[in-house]
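Report on the structure
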Amino acid sequence: QQQVKQSPQSLIVQKGGISIINCAYENTAFDYFPWYQQFPGKGPALLIAIRPDVSEKKEGRFTISFNKSAKQFSLHIMDSQPGDSATYFCAASIHRSGATNKLIFGTGTLLAVQP
Amino acid sequence: EPEVTQTPSHQVTQMGQEVILRCVPISNHLYFYWYRQILGQKVEFLVSFYNNEISEKSEIFDDQFSVERPDGSNFTLKIRSTKLEDSAMYFCASKWTPVYMDTQYFGPGTRLTVL
């Protein structure tokens, strides 16, 4: 119930293409869904996040699509660039009163954008 | 921009030895976390800390682990008697408030190698 499932495990995209990473969850108590980007040797850094009362959030080339009924959310990277090559983690947490807001991470997607 | 810092960047130790991993969270943050990432796997929650006490811990965080905020700036993770399976990247994270959608900021991590 606390798991977040992420796919694909790895992804190769041509420069200028669209990268799509998918996540699914079971626990309907989750109410915050961030995506983190991690470069080798660095800690995860927040990329974009969404709340479940919104179906889509866009920031620049990055868009989260959220399907509450299907309990799925996805990250779309438009016009993918070689600098986007990194590992991407979806995550979920609960923000009710008293909750610790711990992040439950997906298994990660290694994205390689080829020039 | 304020950032979470961690020392050392890499720690090598013998099995059975005690290690202390150090973190300096962002200065006005009140909520602190430790996560770990075994090589090639997902980031896993270990423990959260608020108001000088543990607010939640995972099943990984057994009696061999402890956390402390010894002064106003440092946040430490101690492993009393390290095991081979403790080898991982350990990330400290902090956030300012429990407010919905407030971001957890991650440090660069400490790579722990247990021989």
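Here's a quick rundown of the structure.

Parameters and conventions
Residues numbered from 1 in each chain as written. Chains lettered and ligands numbered in written order. Predicted model: local features only at pLDDT ≥ 70, side-chain atom pairs only at ≥ 80, totals over all residues. Heavy atoms only, no water. Helix = DSSP H or I, 4+ residues; strand = E, 2+ residues; numbered from the N terminus. Buried < 20%, exposed > 50% of the residue type's maximum accessible area, 1.4 Å probe, protein only. Contact = heavy atoms within 4.5 Å. Pairing = 2+ DSSP bridges. Core = buried A, V, L, I, M, F, W, Y, C linked by side-chain atoms within 4.5 Å. Phe/Tyr/Trp six-rings, centres within 6.5 Å; stacked < 30°, edge-to-face > 60°. Axes fitted to C-alpha atoms, helices over the stretch in contact; angles between N-to-C directions. Buried area = accessible area lost by both parts, 1.4 Å probe. Salt bridge = Lys/Arg side-chain N within 4 Å of Asp/Glu carboxyl O. Polar contact = N/O pair within 3.5 Å; in protein donor to acceptor, adjacent residues only side chain to side chain.

Let us now look at the environment of Thr13 of chain B. Residue and element names in this part refer to chain B. Tracing the chain through its elements places Thr13 in strand E2 (residues 10–13). Given the relative accessible area of 8%, Thr13 is considered buried. Spatially, the C-alpha atom of Thr13 lies 9.6 Å from that of Ser87, the residues being 74 residues apart in sequence. Ignoring sequence-local partners within four residues, the contact set of Thr13 consists of Val19, Thr82, Leu112, Thr113, Val114 and Leu115.

This part is about the pairing of strand E5 (residues 45–50) of chain A. It is a general feature of regular strands that their side chains alternate between the two faces of the sheet. All names here are of chain A. As defined by bridge partners, strand E4 (residues 33–38) adjoins E5 across five bridges and the pair is classed as antiparallel. For Pro34, the partnering residue across the bridge sits in E5 and is Ala49. Taking the residues between adjacent antiparallel strands as the criterion, E4 and E5 are bridged by six residues, where Gly41 takes a positive phi near 80°.

Counting 27 residues, the largest nonpolar core has Val4, Phe30, Phe33, Trp35, Phe73, Leu75 and Tyr88 of chain A as its most contacted members. Mapped onto this core, the elements with two or more residues apiece are strand E2 (10–14), strand E3 (19–25), E4, E5, strand E7 (62–67), strand E8 (72–77), strand E9 (86–92) and strand E11 (109–114) of chain A. Not counting residues up to four positions away in its chain, the partners in contact with Tyr88 of chain A are Gln6, Ile21, Tyr36, Gln37, Leu47, Leu75, Ile77, Gly108, Thr109 and Leu111 of chain A. Grouped together as the second largest cluster of nonpolar side chains are 22 residues, Leu21, Phe65, Val67 and Cys92 of chain B included.

Moving on to the packing of aromatic side chains. All names here are of chain A. By the definition in use, this model includes 22 aromatic pairs over all chains. Ring geometry for Tyr25 versus Phe66: centroids 6.2 Å apart, planes at 20°, classification stacked. Placement of Tyr25 in strand E3 and of Phe66 in strand E7 is noted, with a sequence separation of 41 residues between them. A residue is classified by how much of its surface remains accessible, and Tyr25, at 6% relative accessible area, is buried. On the basis of relative accessibility, which here comes to 8%, the residue Phe66 falls in the buried class. With 6.2 Å between their ring centres and 35° between their planes, Phe66 and Phe73 make a pair best called tilted.

Residues and elements named next belong to chain A. The sheet built from five strands is open, its strands ordered E1-E3-E8-E7-E6 with antiparallel pairing. Each having just a single partner strand, strand E1 (4–7) and strand E6 (56–59) make up the two edges of the open sheet. Taken over all neighbouring pairs, the strand axes of this sheet differ in orientation by 15° on average, direction set aside. Looking at chain direction, E3 and E8 are connected through six bridges and run antiparallel.

Each partner contributes to the interface: chain A provides 23 residues, whereas chain B provides 22 residues. Buried surface at the junction of chain A and chain B, both sides included, amounts to about 1,900 Å², of which 58% is carbon and sulfur. Joining chain A to chain B, the criterion identifies one salt bridge. Here Glu56 of chain B ties to Lys102 of chain A by a salt bridge, and the two come within 2.6 Å at their closest N and O atoms. Here chain A is connected to chain B by six residue pairs in polar contact (both at pLDDT 80 or more).

Function-wise, these values are silent; they only describe arrangement.
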